[in-house]
Structures are given as C-alpha cells and as structure tokens.
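# Fold and geometry: a report
Residue-level listing of the chains:
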Amino acid sequence: MHMRRRDPGETLLTLPQDGARIDRLDAERKRPEWLSEVWATPGTRVLNLYGRRAQLSGDRLKYEPATGELPAGAVTLGAVDPADLPDGEDTAEGEQNGRVHVVVVAHPKPEDNPAANGSAEPSDTTGTSWADLAFAGSQLTPVDAALLTQALAITTWHARSSFCAACGTATEVDASGWRRVCPNCGAQTFPRTDPAVITAVLDAEDRILLGSAFRWDATRYSTFAGFVEAGESVEAALVREIEEEAGVVVSEIQYMGSQSWPFPRSLMLGHFAITEDPSMARPDGDEIREVRWFTREELAAAAAAGEVSLPTRSSISRALIEHWHGSPIEAAADAQPPQPRGSARPAPRGQQAR
C-alpha cells in the first residue's frame, strides 16, 4: 500500500463548491457581541433553512434581509463578495467595506409542504422551489452551494449537541454559533467533521468497479465509501473498506480531492486506487449486494438506457466516475433524485457516507 506520486499535469476533481470565497471571520466571531453586530449591519442577508432544504429564487438560493430581533439559534456563516449574491448590487456595500454578511436561521420543516419537508421532489406545483443539497447542489453557484453546505453542517451539529458529553448538562451557544459551552463543568464543544474515504477502484485494463448497495435501488451503482476509524490512517481505512465491501486488495492510491457532505457531518476524501487481481471482486452481502466492472463504453450505455443509475452530480462519487470516464455521463435517471429502498434494513455504517 502506498500513495502514488502525482504527475505535474494531473488535476484534482472539479466539484460544485470550487471557487467559492467565504471569509469565515474566525477572530471576529469569537467576540460575544459579534453576531448581534452582524445582524444589525445594513445589507446582511439571511439564509433560512426549513429542515434540510432552502428556498430558491429562480436558480439561486433565496437570501432575505436581516430584520427585527436576532432570532434564537442564528449562526453567522461569514462574509462574501456582494457580486456572489443574486442581489449583490442592492446591498449596502459601502457600510460593509465591500463585504456582505450571511447568517443562517434554522426552522422546522413545514409538514404541510411535501416538497419542503423532503417527501416530494425539490420543486412543487405551488410556485415555490426548494434546494436539496444532495440533488440540486451541482446546479447552484459555487457560493450558493458552499453556503448551503456550511449552513446544513452547522445547524445539524447544533441539533445534535444540546447536552454536554462530559456531564449531561444542557449546553449554551457561544462564538456566534460556532461553539457550545457547558455552564456546569466548562467543557467546550466544537462542530465535528467525520473523515470518510470514497474510492473509485480501477484495474489494469482501466475498467472501473462500482457497487450496488442494499440501501439503494438495485440499479444504482456507486464508488465505495466508509468512515476512517479511531487510530486509523486514511490510507489504511481505504484499503480496509475496499477489501471488506468489494473483496479486492488495492494499491497505487491517488488522492483526488475532498468534499464536505453534511449528512450529517462527513468530509469525503476522494481517491483512485488500483487492484492487480480484479477476479477477486465480490460483494460483502451485508452492505453491498452486487459489484460490477465497467468499461467506459459499457457504463455510458447502461446509464443512458436506464439500466444503471449513478450518484447525483452534486456528489464527489459522481465526480470520480466522470473524471475516470473523461466526460460527463448522460444518465436517464439524472432527472430524479436516487431514492432509498423501502426496506427495514438499517442504513449501513459505510453507506451513510455517500
């Protein structure tokens, strides 16, 4: 097992958030009064989350002015260039030194709106459309995608960190939403990110190995992913996960890029890896129902015919597959988000990372 040295002409993956510029203002947000100051600053924009979705205005996220009292649970996301927001020319640019602050406010998902609460497609017939990161992330601008990713990650962390892990006392929000402090024992808690490896396995004939997981419809094929365990290196986790799920031993590991994937808090570390014995490929029968080798022509034809569905274009898994393929793959299933199976089988640990 070893990492392959990158050739000078090789490039990293192209991902939806590439090029996003967000100044997180770490030093400022530690000041107790910072969030209130940001909320009162002319031009500050609010990204409202309803469950795990945000409203769209046309093909952009909908940002609203910060008005009224500072809502409980608001979190500052940072500052962006006014030109990166859909109404940038209307912001009070002079009073913010050329920056626009963005704050996220989380709301319960509206149960009376199927599209907003996630039980229907991201667009509905009421004239309101909704951004679901997993499905629509690749259609957003880089800044919209980055802000929605950050908003989902931080609000999910708050929802799951209400009590101190050391003594069980209810924690208090600090640092403009980027820290929680226990008033009893003083323990500080910060947003967590779980590293996960995600790998496209190739063989000497430059075929790609993809797997169909029990969690998804049988036609969906993806790369292989799993979490890095305690005390484990990224490389060791990658080799272990591939052998566990797909039966093959890999080497020639090549890092290709990373992507935040807040479902609920993963950082996907994308790689290519080579196996010298493709005949060993077999599903584990626990998480993976089937594995298949594809040439470029075979995968493109199967996807176009609807025989195989691929991960959404917003995912690093799709980016790995299309980077190997050399061009975008037109898949019949791209018009619909991939749906989990209606099965009682729990989501496997490794599959949660995809």
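Residues numbered from 1 in each chain as written. Predicted model: local features only at pLDDT ≥ 70, side-chain atom pairs only at ≥ 80, totals over all residues. Heavy atoms only, no water.

Looking only at helices and strands, the protein has 8 helices and 16 strands in total. Scored against the burial criterion, the 354 residues of the protein give a buried share of 48%. When contacts within the protein are restricted to residue pairs at least 6 apart in sequence, those whose partners lie at least 24 apart make up 68%. Looking at the protein as shown, the accessible area adds up to about 16400 Å², and 50% of this sits on carbon and sulfur atoms. (Helix = DSSP H or I, 4+ residues; strand = E, 2+ residues; numbered from the N terminus. Buried < 20%, exposed > 50% of the residue type's maximum accessible area, 1.4 Å probe, protein only. Contact = heavy atoms within 4.5 Å. Areas by Shrake-Rupley, 256 points an atom, 1.4 Å probe, with all protein chains shown as cover.)

Glancing now at unusual backbone geometry. Glycine aside, residues mostly have negative phi, and peptide bonds are mostly found in the trans state. Of note, the bond from Phe263 into Pro264 is cis; its omega dihedral lies within 30 degrees of zero at 5 degrees. If you trace the backbone, Pro264 turns up in the loop between strand E14 (250-261) and strand E15 (266-275). A positive phi angle is found at Ala175, which is not glycine, with a value near 55 degrees. For Ala175, the position within the fold is in the loop between strand E8 (172-174) and strand E9 (179-181). You can call Ala175 buried: its relative accessible area is 6%.

Residues Ile208, Leu210, Leu299 and Leu310 are the most contacted members of the largest nonpolar core, which totals 28 residues. Those elements that provide at least two residues to this core are strand E11 (194-202), strand E12 (208-213), strand E13 (224-227), E14, E15, helix H7 (296-304) and helix H8 (316-325). Of the residues forming this core, the biggest block, 5 residues, is contributed by H8. Once you skip the residues sitting within four places of it in the chain, Leu210 turns out to touch Tyr221, Ser222, Thr223, Phe224, Glu290, Val291, Arg292, Phe294, Leu299, Leu310 and Ile321. (Core = buried A, V, L, I, M, F, W, Y, C linked by side-chain atoms within 4.5 Å.)

Below, the discussion takes up the packing of aromatic side chains. Scanning all chains against the criterion turns up 3 aromatic pairs. Here Tyr50 and Trp130 contribute two aromatic rings whose centre-to-centre distance is 5.6 Å and whose plane-to-plane angle is 85 degrees, an arrangement assigned as edge-to-face. Residue Tyr50 is found in strand E1 (residues 45-50), and its partner Trp130 is found in strand E7 (residues 129-132); the two are separated by 80 residues along the sequence. Accessibility expressed as a relative area gives 5% for Trp130, which makes it buried. (Phe/Tyr/Trp six-rings, centres within 6.5 Å; stacked < 30°, edge-to-face > 60°.)

Before going further, it helps to spend a moment on helix H6 (residues 234-246). An α-helical segment advances 3.6 residues per turn. Residues three or four places apart therefore align on the same side. Over its 13 residues, H6 runs 18 Å from end to end, which matches the ideal 18 Å to within 8%, given 1.5 Å per residue. Within H6 the residues assigned to the buried category are Ala237, Leu238, Val239, Arg240, Glu241, Ile242, Glu245 and Ala246. On its buried face, H6 is in contact with E11, E12, E13, E14, E15 and strand E16 (288-294). One or two residues past the end of H6 sits Gly247, with phi positive at roughly 85 degrees. (Expected span 1.5 Å × (residues − 1).)

Quick look at the state of the cysteines now. In total, this model carries 0 disulfides according to the counting rule given. In this structure Cys164 is a free cysteine whose sulfur lies 3.7 Å from that of Cys185, the closest cysteine sulfur available. In this structure Cys167 is a free cysteine whose sulfur lies 3.4 Å from that of Cys182, the closest cysteine sulfur available. Judged by relative accessible area, Cys167 falls into the partly exposed class, the value being 36%. (Disulfide = S-S within 2.5 Å.)

A word on the environment of Lys109. By secondary structure assignment, the location of Lys109 is in the loop between strand E6 (100-107) and helix H3 (114-117). Sequence spacing of Lys109 and Arg52 is 57 residues, and the spatial spacing of their C-alpha atoms is 7.6 Å.

Turning our eyes to something else, we now look at the pattern of salt bridges. Taken as a whole and judged by the stated rule, the model has 23 salt bridges. Among the salt bridges present, the one from Arg31 reaches Glu33, with a minimum N-O distance of 2.7 Å. For Arg31, a relative accessible area of 30% gives the class partly exposed. On the basis of relative accessible area, Glu33 is assigned to the partly exposed category, the value being 36%. The closest approach of N and O atoms between Asp144 and Arg60, which form a salt bridge, is 2.6 Å. Within this pair, whereas Asp144 is found in helix H5 (residues 142-159), its partner Arg60 is found in strand E3 (residues 60-61), the two being separated by 84 residues in sequence. What makes Asp144 buried here is its relative accessible area of 0%. Through salt bridges with shared partners, a single ionic network connects Glu229, Glu232, Arg240, Glu241 and Glu244. (Salt bridge = Lys/Arg side-chain N within 4 Å of Asp/Glu carboxyl O.)

The next point concerns the pairing of E11. For E11, the tally of buried residues reaches 8 of 9 residues, placing the bulk of the element in the interior. In this sheet, E15 lies alongside E11 in parallel orientation, the contact comprising 9 bridges. Across the sheet, the residue bridging to Val201 is Ala273, located in E15. Bridge count for E11 against E13 is 4 bridges, and the pairing is antiparallel. The residue bridging Ala196 from the neighbouring strand is Phe227, located in E13. For E11 and E12, the ladder comprises 2 bridges, and the chain directions are antiparallel. Bridge pairing in E12 places Leu202 opposite Ile208. Linkage of E11 to E12, two consecutive antiparallel strands, is achieved through a turn of 5 residues, within which Asp206 is found at a positive phi near 65 degrees. (Pairing = 2+ DSSP bridges.)

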